[in-house]
Amino acid sequence: MALNGIQIFKLTPKKNCKECGCPTCMAFSMKVAQGAMKIEQCPHMSEDALASLSEATAPPMKTIKIGTGDGEFTLGGETVLFRHEKTFVSKTRYAVSLCTCMSDEEVEAKLAEIPHVDYDRIGERMHVELVYVNCDENADAAKFTALVEKAKGLGKTLILGCTDPEIAKAALEVCKDSKPVLNGANASNYEAMSKVATDAGVVLGVSGKDINELYDTTAAIEKLGNKNLVLDTTGADIKETFANTVQVRRAALKNQDRTFGYPSIVNLVKLAKGDKHLQAALASMFTMKYGSIIVMEQMTYAEALPLFGLRQNVFTDPQKPMKVEPGIYPLNGADENSLVVTTVDFALTYFVVSGELERSGVPLNLVINDAGGLSVLTSWAAGKFSGNSISEYIKENVEPKVKCRRLVIPGKVAVLKGDLEAKLPGWEIIVGPREAVQLVKFLKDLDA
């Protein structure tokens, strides 16, 4: 049961030292109760108090880590049902499915297809992060292990879909170091599967014939001491799967039922059954409605472009603007004598503008100063992208490093030209186009 602010306050040192950033211990306690701060942020909290409060103030949904190195992903840890209430914490991850029921040719084609989608969007790499390797009922340990070996060669984090403890144990021997997920515990095998997963040090996936069995099986595994779990909420059809996934999340976050406080897996291979358009629609729905891992039959650019764009929108913090670091970004082999172009630090503006500048092929230095993560007109209206801020940044950070004295400003703030000419003597201020798409022609004409 979550504690309220008064209960937390009783265990604080009551020094009102302000070292946590709050004016009083009571204010700190209230923020901890609301989930805005962590109990560990108090530097004077005793070990006994930390021990007693950590579990009670922890997020109702457990944070689970899978994979290693670049393939390590964090699942769960959510505190709200709706993004606008605060923010979502751990983004949905997508897996492409392989199965022992596939022919060798189908497996090889799928293995070649999985790495194909790989691109950057607004500073984030978009690619298939996981591979789901399914063991059908007719496969033996040798066949499943061989398929796991092939999938492991992609360098992706694996999910092993297997309900046979012995087969699962054999497959884990070849991939447990990469910390895969073993998805196969149910009411009939959970003790054996929990032991296999615990011995291998991997996350265990739990399923049930309905939501009640899923709850009971999860509770039984917790009693065995295993809380390193994910819940497979895939049901017999779309309606049941959606209901399971939403009810699990609501039970954890609204009702504070920690038995359901784990990330979820939704297997679209079982729901879409080869219908690519249905799969795309379901992937979008479960990205918005609580699928921590979504298993798909395929991920081509047709699925990836809209799906990753949706995910990026849903899993950005609405309280924090998306921004890039201020600095000088040389493009197209630019040096100290290359043209200087400036714009704001809003991430979407930066990546659209930099993409067009790179496409022009003209060597130039793109200068980004701190505009609060706002768009060009918004930051100008707020006084964050002004003659003062631009000129000060140019003098302090650009003039010592760049010899060129020609500066291109966005066309939407052409009004700044006179102010900048006065504040930057010796600089030629050039008004650029209003839209990024016009930059290529503008730069080539300017260079001519």
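- Named according to an unreviewed UniProt entry, the protein chain is Corrinoid/iron-sulfur protein large subunit originating from Blautia luti.

**Considerations on the nonpolar core**
- Membership of the largest hydrophobic core comes to 57 residues, with the highest contact counts inside it found for V133, F144, V148, L160, L182, L268 and M299.
- Those residues within four positions of V148 in sequence are excluded, and the remaining contacts are V133, L158, L160, A171, V174 and C175.
- Grouped together as the second largest cluster of nonpolar side chains are 20 residues, V340, V398, V413 and L416 included.

**Description of the state of the cysteines**
- Within the structure shown, the criterion is met by zero disulfides.
- Lacking any disulfide linkage, C42 is separated from the closest cysteine sulfur, that of C25, by 6.1 Å.
- C42 gets classed as buried once you look at its relative accessible area, which sits at 10%.

**A closer look at a nonpolar patch on the surface**
- Judged by side-chain polarity, L377, W380 and V415 come together as a nonpolar surface patch covering roughly 280 Å² of accessible area.
- With respect to the element layout, L377 can be found in helix α14 (residues 376-381).

**So, the sheet that holds strand β15 (residues 364-368)**
- Taking strand neighbours across the sheet as the criterion, the five strands line up as β13-β15-β14-β16-β17 in an open arrangement whose pairing is mixed. What marks the edges here is a single partner per strand, and that holds for β13 (327-331) and β17 (428-431). Ignoring which end each strand starts from, the neighbouring axes of this sheet average 25° apart.
- Both strand β16 (residues 406-409) and β17 contribute to a ladder of four bridges, which runs parallel. Bridge assignment links R406 to a residue of β17, and that residue is E428.
- Set on the sheet, helix α13 (residues 347-360) makes contact with β13, β14 (339-343) and β15; between it and β15 the angle comes to about 175°.

What counts, and where the lines are drawn
Residues numbered from 1 in each chain as written. Predicted model: local features only at pLDDT ≥ 70, side-chain atom pairs only at ≥ 80, totals over all residues. Heavy atoms only, no water. Core = buried A, V, L, I, M, F, W, Y, C linked by side-chain atoms within 4.5 Å. Buried < 20%, exposed > 50% of the residue type's maximum accessible area, 1.4 Å probe, protein only. Contact = heavy atoms within 4.5 Å. Disulfide = S-S within 2.5 Å. Patch = residues over 30% accessible without salt bridge, like charges linked within 9 Å, V, L, I, M, F, W, Y side chains within 5 Å. Areas by Shrake-Rupley, 256 points an atom, 1.4 Å probe, with all protein chains shown as cover. Salt bridge = Lys/Arg side-chain N within 4 Å of Asp/Glu carboxyl O. Helix = DSSP H or I, 4+ residues; strand = E, 2+ residues; numbered from the N terminus. Pairing = 2+ DSSP bridges. Axes fitted to C-alpha atoms, helices over the stretch in contact; angles between N-to-C directions.

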